[in-house]
Protein chains: 2
Amino acid sequence: MASVWISGAGMTPFGRRPQSLPDLMADAAGAALTASGIEVPDAIVVATMNPEEFLGEGNFASRIATHLGFAYVPAIRVETATSSGAAAIYTGFTAVASGAARSVLVVGGERMTHLPTPRVSEIIGRSIDPYERSYGATMPALAGLITRALMARSGLSAREIAQVAVKNHANAVGNPYAHFRAPVALGAVMTSRLVADPLRLFHCCPISDGAAALVLTASRAAVRIVGIGQGADALAVRHRQELTSFRATQAAAKAAFAMAGFSADRVEVAEVHDAFTPFELIALEDTGLFPPGAAGRATLDGETALGGRLPVNPSGGLKARGHPLAATGIAQVVELVWQLTGQAAGRQVSARVGLAQSIGGLATNNFVTLVEAS
Amino acid sequence: MASVWISGAGMTPFGRRPQSLPDLMADAAGAALTASGIEVPDAIVVATMNPEEFLGEGNFASRIATHLGFAYVPAIRVETATSSGAAAIYTGFTAVASGAARSVLVVGGERMTHLPTPRVSEIIGRSIDPYERSYGATMPALAGLITRALMARSGLSAREIAQVAVKNHANAVGNPYAHFRAPVALGAVMTSRLVADPLRLFHCCPISDGAAALVLTASRAAVRIVGIGQGADALAVRHRQELTSFRATQAAAKAAFAMAGFSADRVEVAEVHDAFTPFELIALEDTGLFPPGAAGRATLDGETALGGRLPVNPSGGLKARGHPLAATGIAQVVELVWQLTGQAAGRQVSARVGLAQSIGGLATNNFVTLVEAS
């Protein structure tokens, strides 16, 4: 398998954005291509979760290729619910690794803030098993159930899951691309409006617009994808072997580390899928970055803060950078590229190896990507 | 790049089907896996154009993986409008060729007949450039415009485009998987209801339900994918350099033949995208199987019939086998595998090399796949 490098990274600021999704994607792709020095990629992989219902658009790969001025460049769209961006990286990776392409533009994004929140939630909620959905299950409801089980079984505390939000908001203050750039206090998180017991508003990521892009190349660049893995689990939460950890993350991490040929102790910075703050703690344990049951305490102790032993979500994460669905898995790797190459002013950490973890649906289709500075 | 083999092929009958799409996909996938002898694939690529609006479903890759009993097998969904099935083959191909997977189940399908035809047409019509759509352009309208230009410029006759339907219906009589199995007479085609001048009802493929599947492996099997290529063109028809041929097919064919290391004269059977019958003639010329302007006459002369020099659409094509969107690109290759391995009783031709050509949108995102018996 040939080496795959990241020669360019770019993204739009996340948040409520006035632009159309094609314009957002053009901004992100333009930034990534400019950084890479590649004028026309061999292929394009487009990630978007649901342009049909969010935007009333179809044939979106061709739509974006044409909009970018690359009407003659083959483009495909990839979708794995909320991990679509990571799936697009995986698809671009195999295209370069197979020799089918020398350069691939991977661009993902979503635009949702123009729709009423209940409509967005209903669309995203269709990621859930139809039978569980028929009983009224929503993403926050199932996340709340998992969190409650975690608190009961492993002693996870309300302060620990609140501290994730405090840390990620603090990180986002230094990130000009973040949706929320205001710090939040622990007390404010713990007394915010209840969404799905025990999850409160400040435990949940926002609905955001935005796009992110990477240029993957067969030719050497400053950062290399040294490992990438995908993991899966049953669609229905009731069919899982474990409720309080995610098999899909564990399997993805195992595959990624096997490809990289090293273990979790080499990782110096991580971007993980904190759509709900307890999911950050589950991710840190499922990827092996922290021992089981240790991530909550470590967070309270500052180990995952910007100045800590292992900075996690220096970008602000989904919680504070925002979560434009199919942009997110790509934005995580954009942040890692910037961190590894000293382009993360305001939130810069010192790291040569980074890990990104992305969740599709309610942890049915997850990805772990490992990048290393060359 | 490692060799990629097709070790199993399967499909459901196309037509109005009572089953759900997950059940249709399970039937097709089960048949392909049984034929391949592989119990659990390393990865799954799911093709479906629009489960969100046709079915109200999301997270469809995980939905199908779980439904197939492969909850732990990584699955992604690929979408390129009406060529999604071919795009899924391409994605599975690069996964095996890169060494990322030793076996990939590629399964595609669509279920649409439960919806009113105008709703289906409206959804499919969103593949068209938004500006052209805003003037009321539909897929048949643009296809009619292209056909009218073809008739004016190259002398294509109404009899020639009608004969494509006659031939493909005749072929489907022998195909138990076909949507329509009744022959049609030239006169009936030429006097059928006008849809979009000069296209009549019997020039247009039906709306069908169905699914098709392939198992791609790194280990040797009876048929090998010797070439695969993707080609693209501007979303808007008014931005094309040519109106009466498709750059996207030409580029895909060029890439596929370059990979295969041989030219069109080696091809002995073809399955092409006759969503509208004149598109079969355009495809035969764009792929180099016939010289420019020769395909219509050759069709009238029986050269592309089952007993002809180069049988085209022995399955019945989209016109008569049916067109469940994302199933189609896969079903074309299923038919080629069956033809190359002597499993096409009732429509069997003698061939060792086959070509499949699939159109995404109004020829914005096309694929050509070349398979060879080993």
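Relevant structure appears above.
Here the structure is a predicted model, which means the values were calculated and not measured. (Residues numbered from 1 in each chain as written. Chains lettered and ligands numbered in written order. Predicted model: local features only at pLDDT ≥ 70, side-chain atom pairs only at ≥ 80, totals over all residues. Heavy atoms only, no water.)

Engineer: Explain the side chain of R240 of chain B to me, please; I cannot follow it from the model alone.
Structural biologist: Residues and elements named next belong to chain B. By the element assignment, R240 lies in the loop between β8 (223–232) and α10 (247–260). Accessibility expressed as a relative area gives 12% for R240, which makes it buried. A distance of 2.7 Å separates a polar atom in the side chain of R240 from the backbone oxygen of L362. Residue contacts for R240: discarding those within four places in its chain leaves D233, A234, L235, F246, L362, A363 and T364. (Helix = DSSP H or I, 4+ residues; strand = E, 2+ residues; numbered from the N terminus. Buried < 20%, exposed > 50% of the residue type's maximum accessible area, 1.4 Å probe, protein only. Polar contact = N/O pair within 3.5 Å; in protein donor to acceptor, adjacent residues only side chain to side chain. Contact = heavy atoms within 4.5 Å.)

Engineer: I would appreciate a short explanation of the pairing of strand β2 (residues 43–47) of chain A in the present structure.
Structural biologist: The side chains of a regular strand alternate, residue by residue, between the two faces of the sheet. Residues and elements named next belong to chain A. Burial analysis of β2 places five of its five residues in the buried class, the great majority of the element. Burial along β2 is two-sided: the face carrying A43, V45 and A47 and the face carrying I44 and V46 are both buried. Here five bridges tie β2 to strand β4 (residues 103–110), and the two strands are oriented parallel to one another. Looking across to β4, one finds that A47 is bridged to G108. Summarising the sheet, β2 and strand β3 (residues 75–79) pair through four bridges and their orientation is parallel. Paired with V46 across the bridge in β3 is R77. (Pairing = 2+ DSSP bridges.)

Engineer: Whenever I open this one, the environment of R347 of chain A confuses me. Can you help?
Structural biologist: Residue and element names in this part refer to chain A. Along the chain, the position of R347 falls in the loop between α14 (328–340) and β10 (353–358). Sequence spacing of R347 and N313 is 34 residues, and the spatial spacing of their C-alpha atoms is 10.0 Å. What R347 contacts, discounting residues up to four positions off in sequence, is N171, G174, N175, P176, L306, P314, S315, E335, W338 and Q339. In terms of polar contacts, R347 uses its side chain to reach the backbone carbonyl oxygen of A345, at 3.5 Å.

Engineer: What am I meant to see in the packing of aromatic side chains here?
Structural biologist: Two descriptors summarise a pair of aromatic rings, namely the distance from one centre to the other and the angle between the planes of the rings. Tallied over the full model, the rule gives twelve aromatic pairs over all chains. Ring geometry for F257 of chain A versus F262 of chain A: centroids 6.3 Å apart, planes at 65 degrees, classification edge-to-face. Assessed through its relative accessible area of 10%, F257 of chain A is described here as buried. Their ring planes at 75 degrees and their centres at 5.4 Å tell us that F276 of chain B and F279 of chain B sit as a pair that is edge-to-face. Like F279 of chain B, F276 of chain B is buried. An aromatic cluster of three or more residues is present, and its members are F246, F276 and F279 of chain A. Here the guanidinium or amino end of R266 of chain A rests over the ring plane of F262 of chain A, the centre of that ring lying 4.5 Å away. The ring of Y72 of chain A has R247 of chain B lying over it, and the distance from NZ or CZ to the ring centre is 3.7 Å. (Phe/Tyr/Trp six-rings, centres within 6.5 Å; stacked < 30°, edge-to-face > 60°. Lys NZ or Arg CZ within 6 Å of the ring centre and 35° of its normal.)

Engineer: Would you take a moment to explain unusual backbone geometry for this structure?
Structural biologist: Leave glycine aside and you will find that most residues have negative phi; peptide bonds, for their part, are mostly trans. Residues and elements named next belong to chain A. A cis amide bond links D197 to the next residue, P198, at an omega of 5 degrees. Tracing the sequence through the fold places P198 in the loop between β5 (194–196) and β6 (199–200). We note that L325 has phi near 30 degrees; this positive angle belongs to a residue other than glycine. With respect to the helices, strands and loops of the structure, L325 is situated in the loop between α13 (317–320) and α14.

Engineer: What's the story with helix α7 (residues 139–154) of chain B in this structure? I'm lost.
Structural biologist: Residues and elements named next belong to chain B. Its 16 residues give α7 an end-to-end C-alpha distance of 22 Å, which sits within 8% of 22 Å, the value for a rise of 1.5 Å per residue. Those residues of α7 that fall on the buried side of the exposure criterion are M139, L142, A143, G144, I146, T147, A149, L150 and M151. Residues of α7 that are buried sit in contact with α5 (117–125), α6 (130–134), α8 (158–172), β5 (194–196), β6 (199–200) and α11 (277–286). Backbone nitrogen of A141 and a side-chain oxygen of the N-cap are separated by 3.1 Å at the start of α7; the cap is T138. (Expected span 1.5 Å × (residues − 1).)

Everything listed is a geometric property; what it means functionally is a separate question.
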